[in-house]
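# Structural features, examined
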Amino acid sequence: MFGKKKQQAEEPEKNLPDGPVTTQTIMEKMSCSTDVYYSDIIINNDTKQKFTIVFMDGLIDQNQIDNFVLKPLIQQNALGAVKTEQELSDLIMLGAVYHSRRSVCDKLSYCLDKLLGGSVLMVFDTLRSAIAFEVEHIEKRAITEPTNENVLKGSKESFIEVLRTNTSLVRRRIRTCDLKISTIQIGKRTHTSVAIVYLDGVANTQIIKEIQKRLNQIDTDGVISAGQIESNIIDNKYALFPQMLYTERVDKFCANILEGRVGIMIDGIPIVYVVPVDINSFMQAPEDYALNFMQSSFFRFLRYSSSFIALTLPAFWVAVTTFHQEMIPTKLATSIIESRQGVPFPTFIEVLLMLFAFEVLLEAGLRLPRAVGQAVSIVGAIVIGQAAITAHILSPGVVIAISTAGIAGFTLPSQDYSNAVRICRVFLVLTSIISGLFTVTIGLILILYHACTLENFNVPYLSPFVANEGRKPLRDTLIRPAWFRKSERPSSIGVQDQTRGGG
């Protein structure tokens, strides 16, 4: 372990100054920082052996410094016999100080990186080097139930903002040496750690190399939001549909890793990304594999149907009631005409107004505090909708159509995919105004063409429905196979090991 730390110390750190490691150079670089503490200590009551301890307040565990660094340095008799700084440094690295995570820093860049990461430095001015003891202490919240992904029958663990805690959650579930976690620092000033997680021997090596390449090419001051990483990873920068799957659930992330996909974790962000993905990835929920396969297949078919309803129902309503009244049964047509008595707007204006109101209510419910947001949604959906009908501003048919489409959209497990469907829904409504079902069909063809042109790390976005090379397009898509028959990994992502162990 110590050899590995020394090898890291020899590598120059990006965007940090290089130079000799002395107390003076550290003070010059960290000047005007009141949270940096410098403390002089003597070794085993020998006033001739005087050194400086440097650490940052708030990033370190004070008890670890006192008990496992300072106390051995002051009281260890073996350290009193040394005559040179080199001998003292060698003894400390051999275990004279009761601390396992220590490393030699012979470059100022590496030294400052350790200091800013929560280590305490023991500076040897004569040797122009330092020993870093990793004693970081990070305030973090507890591992709680996911807030944005409901759990019905499964694990209630969710990721938090600390990277090493997140990697430990994955390690605890996937206990194999084939699970690889490589870390890259991104950001000239924030040095945010981004971890790439994959199964060696299963995941596609070309995808792993491409992800590492794209992450290394990110040139920014700092990573504050996950979107900064996502926008540099995806293939199609101007695509409407999401190309990376995000989740806060540990079990969902681990399931994707076992399938041969690659995970991306970002320090400070409580969600993780999974690539490569296809449209089927956004239609699956972890509960699909916790229920009976017949029940799961029914719910999946329900999601696909709901997605189509959420996308097309408002446009279909405008097209039929405006251009194709002959398609409506006589009794229903009569009921629609009677309900529109006194409404001053044409149908497409009603639909656009209702869609706008629906989007405003959704946005308000997300931005307001949870209790207030729920109240706003209820008041907006019931009181305002009923008042609009009573005042003959909207017709009941339009309210029913938009409400049905909105509720159908809530069945989609992925919020990103649901947002894309909502935007496409407005686009189809605008096309329906031109020439009814004819232009709606053209709009659907354009949306389908856009989805067909998307590729995610050479994986077609609509796979396995397209480009499946004769493979079963319904396998683990609309129909979830039983566990005793589910022995193959997805073929579209190009995994190295196609067969699951024990399949």
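Refer to the structure above for everything that follows.
What you are looking at is a predicted structure, and each value in this text was computed from that prediction instead of being measured. (Residues numbered from 1 in each chain as written. Predicted model: local features only at pLDDT ≥ 70, side-chain atom pairs only at ≥ 80, totals over all residues. Heavy atoms only, no water.)

Each strand in a sheet pairs with its neighbour through backbone hydrogen bonds, running either in the same direction (parallel) or in the opposite one (antiparallel). Pairing in this open sheet of five strands is antiparallel, and the strands run E6-E7-E9-E10-E8 from one edge to the other. Looking at the sheet topology across the chains shown, the edges are occupied by strand E6 (179-186) and strand E8 (245-247). Across the sheet, the axes of successive neighbouring strands diverge by a mean angle of 25°, strand direction being ignored. Taken together, the four bridges between strand E7 (residues 192-199) and strand E9 (residues 262-266) define a ladder with antiparallel strand orientation. The partner of valine 194 across the bridge, within E9, is isoleucine 266. (Pairing = 2+ DSSP bridges. Helix = DSSP H or I, 4+ residues; strand = E, 2+ residues; numbered from the N terminus. Axes fitted to C-alpha atoms, helices over the stretch in contact; angles between N-to-C directions.)

Structurally, the position occupied by isoleucine 160 is in the loop between strand E5 (129-134) and helix H6 (163-173). Using a relative accessible area of 2% as the deciding quantity, one classes isoleucine 160 as buried. Separated by 76 residues in sequence, isoleucine 160 and asparagine 236 place their C-alpha atoms 29 Å apart. Apart from residues no more than four positions distant in its own chain, isoleucine 160 is found in contact with Lys140, Arg141, Ala142, Ile143, Thr165, Asn166, Ile269 and Pro270. (Buried < 20%, exposed > 50% of the residue type's maximum accessible area, 1.4 Å probe, protein only. Contact = heavy atoms within 4.5 Å.)

This brings us to the packing of aromatic side chains. Considering all chains together, one arrives at nine aromatic pairs under this definition. Judged by centre distance (6.0 Å) and plane angle (40°), the ring pair of phenylalanine 241 and tyrosine 461 falls under tilted. In this pair, phenylalanine 241 sits in the loop between helix H8 (226-233) and E8 while tyrosine 461 sits in the segment after strand E12 (459-460), placing the two residues 220 residues apart along the sequence. Looking at phenylalanine 241, the relative accessible area reads 8%, which means it is buried. An aromatic cluster is defined as three or more aromatic residues linked by ring pairs; in this entry it consists of Phe241, Phe282, Tyr417 and Tyr461. (Phe/Tyr/Trp six-rings, centres within 6.5 Å; stacked < 30°, edge-to-face > 60°.)

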